[in-house]
Every structure is written in C-alpha cells, then in structure tokens.
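Below, each chain spelled out in residue letters.
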Amino acid sequence: MSSFIFLWIGYAAILIFVARISRGHDALLPGRIGVVVQALAYVATYVSAVALVGFGGLCYLFGLQMLLVAAGNVWFGTWFVYKYLAWPTRLWQRKLGARTPAELISKAYNCPFLQMFIGLLSAVLLVVYGSAVFKGAAVMLAGVIPVSVETALVVLVALVGLSVVFGGLRGVLYTEALQGLVMAIGVGALLVAVICEAGGPINGLAKLSALPPTNAADNGFLALSSGAGGLNVIFLAVVTSIGIWAQPQLIQRHFALHSKGEAGHAAPLAMLVLSVVVGGAYFASALSRVVLGGGITDPDTVMPALVHKLLPALGQQLFALAIVSASLSTASALLHIASGSIGRDVFGKELKGNSWRASVILCTVGSGIFAMKSGAIIAVICATSWTLLACAIMVPYIALLMRGPAAGARAAAASSICGLAASCAWYAFAYASTSVGMTGISAPGIIGAIHPIVPGIAVSALAFIVFSDSRQKISAASE
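The residue numbers shown here count from 1 along each chain, following its written sequence. Restriction of local features to residues with pLDDT of at least 70 applies here, the model being predicted, together with a cutoff of 80 or more for giving and counting side-chain atom pairs; totals for whole chains, interfaces and linings are based on all residues. Computation of side-chain values: all heavy atoms of the structure, hydrogens and water removed.

Caption draft 1: Examining the overall build of the protein more closely. Starting at the N terminus, helices and strands are each numbered in turn, a helix being any DSSP run of H or I of at least four residues and a strand any DSSP run of E of at least two. The secondary structure content of the protein amounts to 19 helices and 0 strands. We compute the radius of gyration over the C-alpha atoms and compare it with the globule rule, which gives 2.2 Å times the number of residues raised to the power 0.38. Its C-alpha radius of gyration of 22 Å places the protein within 12% of the 23 Å reference for a compact globule of 479 residues. Dimensions of the protein, computed from C-alpha atoms along their principal axes, come out at roughly 70 × 55 × 45 Å. Among the 479 residues that make up the protein, the fraction classed as buried is 57%. Of the charged side chains in the protein, 25 are positive and 13 negative; the average position of the first set lies 8 Å away from that of the second. Only protein chains enter the accessibility calculation, which uses a 1.4 Å probe; a residue whose area is less than 20% of its type maximum is buried, one above 50% is exposed, and one in between is partly exposed. In this charge count, Lys and Arg are treated as positive and Asp and Glu as negative; neither His nor the chain ends contribute. By convention, the charge on Lys lies at NZ, on Arg at CZ, on Asp at CG and on Glu at CD.

Below you can see the structure in the form of structure tokens.
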C-alpha cells in the first residue's frame, strides 16, 4: 500500500492548487461559479463519510428500507431545496447584503441578538462535528498508507485549513466539486463490483428477499421494519433530508447562485450525482449481506469488508480516496462556515486578510484538538448537531422565504431559543436512544422513539406564532 503514497501526495497538492487559483476577493461570498461546480459542491458538502460508511453499513442490518433515506436526500434534500429554497435565499441575501446565514436571518428580522446566537451555535456545533469528520478521514488514511492516525490527522487538518485560508468560499466550492467527482467514481466502482458478485441486480434482490427476517429487518430485507426500527429509518430520512434545509453550511452554498435558471439547471445534476453516491452506496451495502453473509455486528466494518473482498489494490485506494474526499469536502464546508460565524457573527470582524486567517486558524486548531479527544460529550454533539441547528434555524428561515420578516424580531428570537431548548430537553429526558444514557429516563413506549427534531420544530413553530408581531396586532385589535 505504501506504493500508492504518491497518489495521496498528488491529491493533496491538487486540492491546494485548486483552492489557490480559484480564490475570490471575498472570503465569505464566491461570486459566479457555474452550474457544474455548484451541483458537485452541494453534493460534496451534503454527503460525508458518516453517510457513506456509517449509514451505508446500516443497510447491511436494515436492508433496502434504508433506500428511503437516499430517496429523501435526493428529492427533499436536493430537488425541493433547489426548487423552493435556494433562489429565494439568494434574493434575500442580495437584498440584505448578508454574508453569513446568521447575518441573513438577523438582518431580515432586525434582531442583532440572533446573529450572535446562531453564529455562536453554528461555530461550536460545526467545529466539534468537523472534528469527528477529520478523525474518520484520518483513520481511513492511516489504513491505506503507512502513517499513524495522529500524523494523518495533523496533515488533513492542515490541508483543509490551508485550502480554506487560500480559497475562501470560492476556493472551497471548487475543491468540493473535485471531491464530489472523486466520490462518484469511487462509489460507482464499488457498486459495479457488488452487483457483479451478486449475479446482477435482479438475482441479488432475489437472494436478498430469500433471507429470513432479523430483529433489525423484521419484515424482511426488502420492506420497512415495524415498530421503533421503522420509525428510526423514517426519522433518519427526515433529519438528513428535511433537517438539512436549515444547515448553515448548505444555506451558504445558495449564495453562489447567479440566477433562478441556474438553480433549476443545478438540481438535476446534483440529484444524479447524489443518487450515484448515496443511492449506490446504500444499495451496494444492502446487497452486501448476500456477498458477505450474516454475522457482522459492527456496521462500520461492512463497507471496508466489501472493498477488501471485491476491489483490487488500485480500486481499494480509489474508494479510500472517495471516503477521504467525502470527509474533507464536508470538513472544508464546516470549517469555512464556522470561521465565518466566529469571526463575523460573534466578534463582528470584517473578515479580510489577517482577520480571516486568524478566524480560520482558531477554528482549525479547535477542530484538531477536539479530534484528538474521545469524550462522550463530543460524541453527543456530533450525533445531534444537525438536529440542534435545524430546530434553532428552520422555522424563522423558512418563514422568511415564505412570507417575509413580518413576524418580527421577538418571534424569530423566541422560535430559535425555544426550538433549541425543546430539542435538547427531548434528547435528555424523552428520546430513549440518548436519554437513558444521559439521565436514566425516557418517554414511555413508542413515544420514546420519536426523534427530537419533531418536538423541537413543533415548539419552535408554536413560539414563532405566539410571539409574532402580526398576532399581537390582531389580539390588540380584538380587545
């Protein structure tokens, strides 16, 4: 494997070169980048190694029901976003002159508190989440070239930090587009190998349907599970397909759109690439039970086992390159938005020159330090970050795009705070998957399987309505 080290050195050099030559004048705004780059960068930001390896491994346990998650990602997480959210976001960003998602919402509702609140929340959650992404990439890299995990981690953190410093958002988008292409090639190669090994897609599905049900796939490997298992798959689709609407790192991608027509043209390409990357990985992993047999208990080992069994040495390196690309593209997006949030939203700096470099270095070092740790609190933050951000941002953001900022500052602030508080409380006291370990209690029965995104968004919406200026005016008029 050491003979492929030059492949990885060349990959790193290309990323730095692309970031350097594509950099823009503004670190937070990209200017026009084109439909292909927009689409590939969106997919690369969306999909991380957690989705490819972690969720992919779950398909071994759950079967084809996990394709519900992939379908949600393609239609709700991509088509719906470009159809209804992306261009309105760009219009409001242009109208308000906002340079971060937190600033967009804050200026729209004339609520300065929200810029600091959402900016700080984004910076903390995404820096910690980014640390887990870095750690996963380092483990993968250390497995294919002769370096330690610690050395790989330092190299990867420095590589992403340099690309963000050099390129700003424009450079990040171009490097992500390259990484998205690598991801599609790597996953495509594995999908073809698995289908061939299974005797073709029809034979593979027939063999999968003949397998007896298990606890995780209690209705068989071609059907949705009953009870809490099926709910987990549905809520996973909701969090990764609808919860992403309000993720700052994806909202900022819409700032790159030049026209409504460009959004319409980017959607089909993004959907196609996402179908290959996520749908291909999930389908291959579902068929892996036919190829690998039963008995695997750790889902994280499924994808590596498939790769080592089916692909030649070069193919293994290409798939590893795809997984590392998935990690680094996500890490670049997280580090960029965290740097912008901490610098502009929290400290109110005009991020140019040294101030931009200082902000990136601060977030890069923070993410690297967290990646060296393995504390339980870090694991909790990584697992919950998407949900917490969605519950804090979703309602005021979607309301802005649908009806404008008429609800006012109090409604936006109350919605954000109450949504975050409700989701945290549900994680700690009701959601059985986390609350039992955190507080020793949970909600009874099937209620304990309801994901925190549901009560979080519900409470956020209720607070938005209760504190809305328009509602207050109606109440005052009725009196």
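Caption draft 2: Seen up close, the packing of helix α6 (residues 112-144) against helix α16 (residues 409-429). Helix axes are fitted to C-alpha atoms over the stretch in contact, other axes to C-alpha atoms as well, and angles between N-to-C directions run from 0 to 180 degrees. With their axes 10 Å apart at the nearest point, α6 and α16 run at an angle of 25° to one another. Compared by their axis directions, α6 and α16 come out roughly parallel. Remark: the crossing between α6 and α16 carries left-handed chirality. Together, Phe113, Leu114, Phe117, Ile118 and Leu121 of α6 and Ala412, Ala413, Ser416, Ile417 and Leu420 of α16 make up the contact between the two elements. Roughly parallel means an angle under 35 degrees; roughly antiparallel, over 145; roughly perpendicular, 65 to 115; everything else is oblique. Helix crossings get a hand from a simple test, with the near helix turned counterclockwise from the far one by less than a right angle marking a left-handed crossing and a clockwise turn marking a right-handed one. By definition in these notes, contact holds between two residues if any of their heavy atoms fall within 4.5 Å.

Caption draft 3: Spatial organisation of a nonpolar patch on the surface. Residues enter a patch when their relative accessible area is above 30% and they make no salt bridge; the linking distance is 9 Å between like charges and 5 Å between nonpolar side chains (Val, Leu, Ile, Met, Phe, Trp, Tyr). The accessible surface values rely on the Shrake-Rupley method and a 1.4 Å probe; as for residues, cover is taken only from the protein chains in view. Here, a salt bridge means any Lys or Arg side-chain nitrogen found within 4 Å of an Asp or Glu carboxyl oxygen. A contiguous nonpolar patch, built from Trp75, Phe76, Trp79 and Tyr84 and spanning about 440 Å² of accessible area, is present on the exposed surface. For tyrosine 84, the location among the structural elements is in helix α4 (residues 67-96).

Caption draft 4: Representation of the confidence of the model for the protein. pLDDT expresses how confident the predictor is about each individual residue, on a scale running from 0 to 100. Looking at the protein as a whole, its pLDDT mean stands at 92, while 96% of the residues score no less than 70. Considering each helix and strand of the protein separately, the mean pLDDT is smallest for helix α19 (residues 469-478), with a value of 57, and largest for helix α18 (residues 453-466), with 98.

Caption draft 5: Broad picture of unusual backbone geometry. Phi at asparagine 110 is positive, roughly 55°, even though this residue is not glycine. The exposed category is assigned to asparagine 110, whose relative accessible area is 64%.

Caption draft 6: Here's a closer look at the packing of aromatic side chains. When two rings of Phe, Tyr or Trp (its six-membered ring) have centres within 6.5 Å they constitute a pair, described as stacked for plane angles under 30 degrees, edge-to-face for angles over 60, and tilted for the intermediate range. For the structure on display, the rule yields 10 aromatic pairs. Measuring from centroid to centroid gives 5.4 Å for phenylalanine 113 and phenylalanine 117, while their planes differ by 20°, and the two rings are stacked. Placement of the pair is phenylalanine 113 and phenylalanine 117 together in helix α6, with a separation of 4 residues, close to one helical turn. What makes phenylalanine 113 partly exposed here is its relative accessible area of 42%.

Caption draft 7: Quick look at the side chain of serine 359. Looking at where serine 359 falls in the secondary structure, it is placed in helix α14 (residues 354-372). In this structure serine 359 touches Ser339, Ile342, Gly343 and Leu351, once residues within four positions along its chain are discounted.

Caption draft 8: Just the nonpolar core, in detail. Remark: nonpolar core denotes a set of buried residues (Ala, Val, Leu, Ile, Met, Phe, Trp, Tyr, Cys) joined through side-chain atoms within 4.5 Å. Within the largest apolar cluster, 160 residues are counted, with the highest numbers of intra-cluster contacts made by Val47, Tyr109, Val277, Tyr282 and Leu328. Broken down by element, the residue count for this core peaks at 18 residues, all from helix α7 (residues 149-197). Once you skip the residues sitting within four places of it in the chain, valine 277 turns out to touch Val47, Leu52, Met183, Ala184 and Val187.

Caption draft 9: Expanded view of the packing of helix α2 (residues 35-46) against helix α11 (residues 260-292). Following both chains from N to C, one finds α2 and α11 inclined at 45°, their axes separated by 8 Å at the closest point. Taken as axis vectors, α2 and α11 run oblique relative to one another. In this structure, α2 meets α11 at a crossing whose hand is right-handed. Judged by residue contacts, Val35, Val36, Gln38, Ala39, Leu40, Val43 and Tyr46 of α2 engage Glu262, His265, Ala266, Leu269, Ala270, Val273 and Leu274 from α11. Under this grouping Gly is polar, as are all residues other than the nonpolar Ala, Val, Leu, Ile, Met, Phe, Trp, Tyr, Cys and Pro and the charged Asp, Glu, Lys and Arg. Here the residues of the contact of α2 with α11 sort into 11 nonpolar, 2 polar and 1 charged.

Caption draft 10: Looking closely at the pattern of salt bridges. Under the criterion given, the structure shown has 8 salt bridges. Arginine 344 is paired through a salt bridge with glutamate 103; the nearest N and O atoms lie 2.7 Å apart. Linking arginine 344 in helix α13 (residues 313-346) with glutamate 103 in helix α5 (residues 101-109), this pair joins segments that are 241 residues apart in sequence. Neither arginine 344 nor glutamate 103 differs from the other in exposure class; each is buried. One salt-bridge network, held together by shared partners, links Asp26, Arg99, Glu103, Lys107, Arg344 and Glu350.

Caption draft 11: Summary view of helix α1 (residues 5-21). In a helix, the anticipated span is given by 1.5 Å times the number of residues less one. Helix length check: α1 (17 residues) gives 25 Å between terminal C-alpha atoms against 24 Å at 1.5 Å per residue, within 8%. The complete set of buried residues in α1 reads Trp8, Tyr11, Leu15, Val18 and Ala19. One face of α1 carries all of its buried residues, which in axial projection span an arc of 100°. Structural note: α1 exposes Phe6, Phe17 and Ile21 on the side pointing more than 90 degrees away from its buried face. Those residues of α1 hidden inside the fold are in contact with α6, α7 and α13. This arc corresponds to the set of directions leading from the helix axis out to the C-beta atoms.

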